[in-house]
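Now for the letters of each chain:
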Amino acid sequence: MVFFDIIKQQQVFFDSGKTKDITFTRQQLSKLKSLLKENESLLYEAIYQDFGKSAFETYLSELALIYHELKILNKNLKKWRSPKRVPTDLANFPGKSYIYPEPLGHVLVIGAWNYPYQLSLLPALTALAAGNTVILKPSELPSRTAQAMAKIINENFPAGYFYVLEGGVQETTELLKNRFDKIFFTGSTRVGKIVYEAAAKQLTPVTLELGGKSPTFVLADTDLSMTVKRIVWAKFLNAGQTCVAPDYILVEKSIETKFLEVLKQEINSQFKVNNELTEHYVQIIDQAHLKHLENLIDSDKIYLGGSINYEKRLMMPTVLQHVNFSDAVMQEEIFGPILPVITFENLDKAIQQVQKLPKPLSCYVYGKDKKRIDKIINKLSFGGGAVNDSVMHLSNSHLPFGGVEFSGIGAYHGKAGFDSFTHYKSILKKSFWFEPPIKYPPYSKWKLKILKWLFE
Ligand code: NAD
């Protein structure tokens, strides 16, 4: 297959040392930005064809994050790539200690379909910024976005440096038989395990950006209208096909009725014009996923929505009420526009229920009581999240973005991303002018005494 050749070319390119030249990297990142800018209309058209995503939403949730990351990397590149001096302990006197960042080598990035540009290009450009070469394997499901990226990248970068390899399960399986210096995977927990297993055979380090069921607590003292506004935006953005979308609501029983009423009004105001879904509402990726989502809906529990248009691949924003943890919709990540609402009267018990599930990628808490908010944050383990907001934490490049346990291994964005593609090489530099005799034989009691003083 053609990619054996490309892997070889990337090894040769990396070994040439070119990627370690910061001027070269800056040129490549700036070229990438110009190419994306020049081809924005192609990118918008491709994603619209794939799943009806508007240019506005594509800019907001994909391109803006890519451009922002490029800006952050460019600003910090020199600092992050430079060796850092760190203190030296007395035992190594006289000496100086340094940490040298070095790129890992040739990297494989595997992307997911739901934000096809951002989830592929953001890790790829971070790997390039850290001085690596990259093979990017985007998801095959949104085929036009994969083709658009392949066209832009492969026509403008040497394959030995940056290459987009289109393909599905078969190609990825073949690809994973090779050794890479790093694999960065975004996708499901199921496939994450396959990637991890393949990487383990080659002792390849991985970052796994996976999914999970992200709980959203709504406490009785919250600002209800602002809470609902933010939840509705975050949940139905990309028609719920967002790894960090609020998966389900845990609302305090005393405000359940009011919460549902405000939720209905807000959904209608954000997504409906003249009782029809707005043109900005995103399609479900394919018929199979649509069918899967339909099966998660218990028709007796529909509070709002529930209707599906298979021809247009649309599912109305759907709210389920009187949901409990044993319902089908609570057995797996939803990844679509279905919002189950569960009520609770005792916060500790609600937290215990969430603790029984795998650790989620995100958790959100809406309310004003700092003690109760902190209790949720401190008792639950999850990748990251927000208080009085949802999803937006991932747009702050100072916050490492990643999961824990079944929602992922490692993190990226900003410095965390740079670190995930970097090896930190520790160097102790000594001079010749002085050498204490302590560590050398013949050993003696006084030498041991000094050693103890030095180390304890
Ligand atoms: P997926 O796991 O089905 O596919 C991801 C990638 O793996 C694709 O490129 C696909 O071609 C490849 N792949 C699929 N099956 C494979 C196999 N058997 N062997 C090797 N490679 C294989 O995931 P998806 O459907 O694209 O994305 C949805 C999932 O991704 C959800 O669980 C979601 O939560 C998660 N996700 C996580 C993040 C994050 O940043 N943590 C972001 C987006 C999506």
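Residues numbered from 1 in each chain as written. Predicted model: local features only at pLDDT ≥ 70, side-chain atom pairs only at ≥ 80, totals over all residues. Heavy atoms only, no water.

**So, the domain arrangement of the protein chain**
Here comes step 1: As far as domains go, the protein chain holds domain 1 (3-210 + 406-424) and domain 2 (215-395).
Here comes step 2: If you average the C-alpha positions of domain 1 and of domain 2, the two centres end up 31 Å apart.
Here comes step 3: Taken together, the contacts link 18 residues of domain 1 with 21 residues of domain 2.
Here comes step 4: A buried area of about 1600 Å², summed over both sides, lies between domain 1 and domain 2, and 59% of it is on carbon and sulfur atoms.
Here comes step 5: Our count for the contact surface shared by domain 1 and domain 2 stands at zero salt bridges.
Here comes step 6: Counting across the interface, domain 1 meets domain 2 through 11 residue pairs in polar contact (both at pLDDT 80 or more).
Here comes step 7: Looking at which element gives the most residues to the side of domain 1 that touches domain 2, the answer is helix α4 (residues 55-81), with four residues. (Domains from an automatic or database assignment. Contact = heavy atoms within 4.5 Å. Buried area = accessible area lost by both parts, 1.4 Å probe. Salt bridge = Lys/Arg side-chain N within 4 Å of Asp/Glu carboxyl O. Polar contact = N/O pair within 3.5 Å; in protein donor to acceptor, adjacent residues only side chain to side chain. Helix = DSSP H or I, 4+ residues; strand = E, 2+ residues; numbered from the N terminus.)

**Some details on the site of the ligand**
Here comes step 1: Neighbouring the ligand are 26 residues, the closest being W113, E140, S188, L210 and E333.
Here comes step 2: At 2.8 Å, a backbone N or O of G111 approaches an oxygen atom of the ligand.
Here comes step 3: Here an oxygen atom of the ligand sits 2.8 Å away from a polar atom, N or O, in the side chain of W113.
Here comes step 4: If the ligand stood free it would expose 840 Å²; the protein chains cover 90% of that surface.
Here comes step 5: Among the elements of the structure, α7 (169-175), β6 (182-186) and α8 (189-201) are those that each provide at least two residues to the shell around the ligand.
Here comes step 6: Per-class residue counts for the shell around the ligand are 14 nonpolar, eight polar and four charged.
Here comes step 7: When residues of the shell around the ligand are assigned to domains, at least three fall in each of domain 1 (3-210 + 406-424) and domain 2 (215-395). (Near = heavy atom within 4 Å. Areas by Shrake-Rupley, 256 points an atom, 1.4 Å probe, with all protein chains shown as cover. Nonpolar A, V, L, I, M, F, W, Y, C, P; charged D, E, K, R; others polar.)

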